[in-house]
Amino acid sequence: MSRSQSRYPQRRLRRSLWWLTSATALAVSALMAGCQPRGQPTPTPQAVASPTASQSADPSNGGQQGSATSSATILRVWLPPDIASASVRDQGRLTLFVDLVAERAQLGDNASLSASTKALHGPGGLRESVLATAPVAPARLPHLAVIDTVDLPALVAAGLAQPIAIDALPGARQLSELATQAVTIDGTLYGVPLCADLLVLAYDADQVSAPPKTWTELLTGPDPLLFPAARGADAADMLLSHYVSEGGVLVEADPVLDTAALSRALAAYQVGKAAGAIHDEAVAIDSFELAWAAYLAGQTNLAATTSQQVLRDGANAPHTALAALPLSGARPTVLGRTLAWVVLTPDPDIQRLALALAEAALAPDLQGALAAQSYHLPILTEALDDAVAGPWREQLAGLYALAQPLPQIARYATLEAALGEAAESVIAGVASPTGAAGLAAARIAQSQ
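Residues numbered from 1 in each chain as written. Predicted model: local features only at pLDDT ≥ 70, side-chain atom pairs only at ≥ 80, totals over all residues. Heavy atoms only, no water.

Looking at the overall build of the chain
Within the chain, the secondary structure is distributed over 16 helices and 17 strands. Every one of the 448 residues in the chain was classed for burial, and the buried ones make up 56%. Looking at the chain alone, contacts between residues at least 24 apart form 77% of all its contacts between residues at least 6 apart. Element-wise, carbon and sulfur atoms account for 53% of the exposed surface of the chain, whose accessible area totals about 18,000 Å². (Helix = DSSP H or I, 4+ residues; strand = E, 2+ residues; numbered from the N terminus. Buried < 20%, exposed > 50% of the residue type's maximum accessible area, 1.4 Å probe, protein only. Contact = heavy atoms within 4.5 Å. Areas by Shrake-Rupley, 256 points an atom, 1.4 Å probe, with all protein chains shown as cover.)

Overview of unusual backbone geometry
Phi angles above zero are rare outside glycine, and Q91 is one such case at about 50°. By secondary structure assignment, the location of Q91 is in the loop between β5 (87-90) and β6 (93-96).

Digging into the pairing of strand β4 (residues 73-79)
By the criterion of burial, β4 is predominantly enclosed, with five of the seven residues buried. Pairing between β4 and strand β7 (residues 111-117): seven bridges, direction parallel. Each bridged residue has a counterpart across the sheet, and for I74 the counterpart in β7 is S112. Looking at chain direction, β4 and strand β8 (residues 144-148) are connected through two bridges and run parallel. In the strand pairing of β8, V77 is matched with L144. (Pairing = 2+ DSSP bridges.)

Thoughts on the pairing of strand β14 (residues 320-323)
Residues T320 and L322 of β14 are buried on one face, and the alternating residues A321 and A323, pointing to the opposite face, are buried as well. Sheet topology places strand β11 (residues 192-204) next to β14; four bridges connect them, and they run antiparallel. Residue D204 lies in a different strand from β14, and its bridge partner there is T320.

Some details on the environment of L240
Structurally, the position occupied by L240 is in helix α7 (residues 233-245). Along the chain, L240 and L335 lie 95 residues apart, while their C-alpha atoms are 8.5 Å from each other. Those residues in contact with L240, other than ones at most four positions away along the chain, are L250, L335, L406, P407, Y412, L415 and L419.

What to know about the pattern of salt bridges
Note on pairing: side chains with opposite charge can pair once their charged atoms come close. Tallied over the entire structure, the rule returns 17 salt bridges. The partner of E394 in a salt bridge is R393, with the nearest N and O atoms 3.9 Å apart. What you see here is one network of salt bridges that share partners, running through D90, R93, E103, R104 and D365. (Salt bridge = Lys/Arg side-chain N within 4 Å of Asp/Glu carboxyl O.)

Examining helix α12 (residues 364-374)
Within the sequence span of α12, burial applies to L366, Q367, G368, L370, A371, Q373 and S374. Just beyond α12, the residue with positive phi is Y375, at close to 70°.

As for the packing of aromatic side chains
For the structure shown, the criterion picks out three aromatic pairs. Connected via pairs of aromatic rings, a cluster forms that spans W215, F227 and Y269. Sitting above the plane of the W78 ring, K118 keeps its charged end 4.8 Å from the centroid. (Phe/Tyr/Trp six-rings, centres within 6.5 Å; stacked < 30°, edge-to-face > 60°. Lys NZ or Arg CZ within 6 Å of the ring centre and 35° of its normal.)

Remarks on the nonpolar core
Grouped together as the largest cluster of nonpolar side chains are 89 residues, with contacts concentrated most on F97, W341 and L357. Broken down by element, this core gets its largest block of residues, eight residues, from helix α11 (residues 348-360). Look past the residues within four positions of W341 in its chain and what remains in contact with it is V77, L79, L144, A145, V146, Y190, G191, V192, L194, L357, A358 and A361. (Core = buried A, V, L, I, M, F, W, Y, C linked by side-chain atoms within 4.5 Å.)

With respect to the confidence of the model for the chain
This prediction gives the chain a mean pLDDT of 85; 83% of its residues lie at or above 70. Within the model, pLDDT remains below 50 along residues 1-46, and this stretch shows 110 contacts once partners closer than five positions in the same chain are excluded. With pLDDT under 50 throughout, residues 48-69 is counted as low confidence; its partners more than four residues away or in other chains account for 67 contacts. (pLDDT = per-residue confidence, 0-100.)

Section: the packing of helix α8 (residues 259-274) against helix α16 (residues 433-446)
Between α8 and α16, whose axes approach to 8 Å, the crossing angle comes to 135°. Considering the angle they form, α8 stands oblique to α16. As α8 packs across α16, the resulting crossing turns out to be right-handed. Facing T259, L262, S263, L266, A267 and Q270 of α8, the residues of α16 in contact are P433, T434, A436, A437, A440 and A441. (Axes fitted to C-alpha atoms, helices over the stretch in contact; angles between N-to-C directions. Parallel < 35°, antiparallel > 145°, perpendicular 65-115°, else oblique. Left-handed = near helix turned anticlockwise from the far one by under 90°.)

Looking at helix α2 (residues 97-105)
The periodicity of an α-helix, 3.6 residues per turn, causes residues three or four places apart in sequence to face the same way. Most of α2 is tucked away, with seven of its nine residues classed as buried. Turning to α2, its buried residues number three or more, namely F97, V98, D99, L100, V101, A102 and A105. Just beyond α2, the residue with positive phi is Q106, at close to 50°.

A few points about the packing of α2 against α12
The geometry of α2 relative to α12 is characterised by a closest axis approach of 11 Å and an angle of 175° between their N-to-C directions. When the axis of α2 is compared with that of α12, the two are roughly antiparallel. Between α2 and α12, the residues in contact are F97, L100, V101 and R104 and D365, L366 and L370, respectively. Grouping the amino acids of the contact of α2 with α12 by side-chain chemistry returns five nonpolar, no polar and two charged. (Nonpolar A, V, L, I, M, F, W, Y, C, P; charged D, E, K, R; others polar.)

Encoded structure:
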């Protein structure tokens, strides 16, 4: 579909780049003085201290700490494609976002950045690559990585994600509740949030006078809702929204799932399909991107999608408005995914460099610049302005205030597969809500 010209020239819309880039390295300035030799770090992970100047580590010693006269530290960073490729304009020059963050962090003349690109999800993605590399080639692990926080519990359980002292992040006090919850496990901070995406209802305001606020309103309204119901991660996210709205929670201990809450959510699907409130194509759609594409093509007036899709392509549908998804339960629920920096090195001196980089990315101007290029929402709500969000700023700000992260569980990949299958089987009419809920719970329990 050809793009129409945006009515908001301050945002140059373009599609996110999803190709892999080569590793990049650069030298950064601002000499870090007054460094004193320190003892070797203990193998037990410790909370990262505040990012004060420290001596460089010796890469010839596996990236571990060396003397003050050792060769330069190489800070290894893994990034998902759209973050790695994001370029921003600063003082009249175009530079990669991560390079500008490194400049702002002032890592020192004796440190350099080596950034590599890894897929965010799937085989060969960030989580799988970290978990596969750690036991066989730990020296090849990145010191710092940007991950989807649904993967954080698995990295914490493996002893790889390093705890962070809250005093080390002055900027953390500005973070939204969504951001703070996404990187906190059992009361401990394990990451520095970078950006976020929300699950939203996109609707044609010219055709829909008022969007359905509840599942009951959807059932009695004229327009069916299109959302991903074919098994997959996005179908699982959609079902999780219903599950949480029904009062369901997830815990690491068995049973992981509240099968009663899941049965109620799946029963809503069954009723919605029978009433014609769920679009006939839902069971053939496996992603929010496809649901959004169908909406852009005029195949539906109501679509479940993500804030990123709308910010990326919304100029093609200028009459689009946003609202919370109509859900089956009584609990108001807006779920969001958060990308965050996670520190993976146990070396305290390299940890300080890594944390300085992550903290620098919280600068409001850098937050806005990244959002304008990647279409993720800035993690600092003060950066959610008209230049970033266009006509949806107020709507997104209201949804952001209600947002909470996807549930935290180390077996998240198994959870996604089980819930995606449950959603598809009920909407396709091949399983009952109770049977599908029981099977999903059993499959997650068997994965332990």
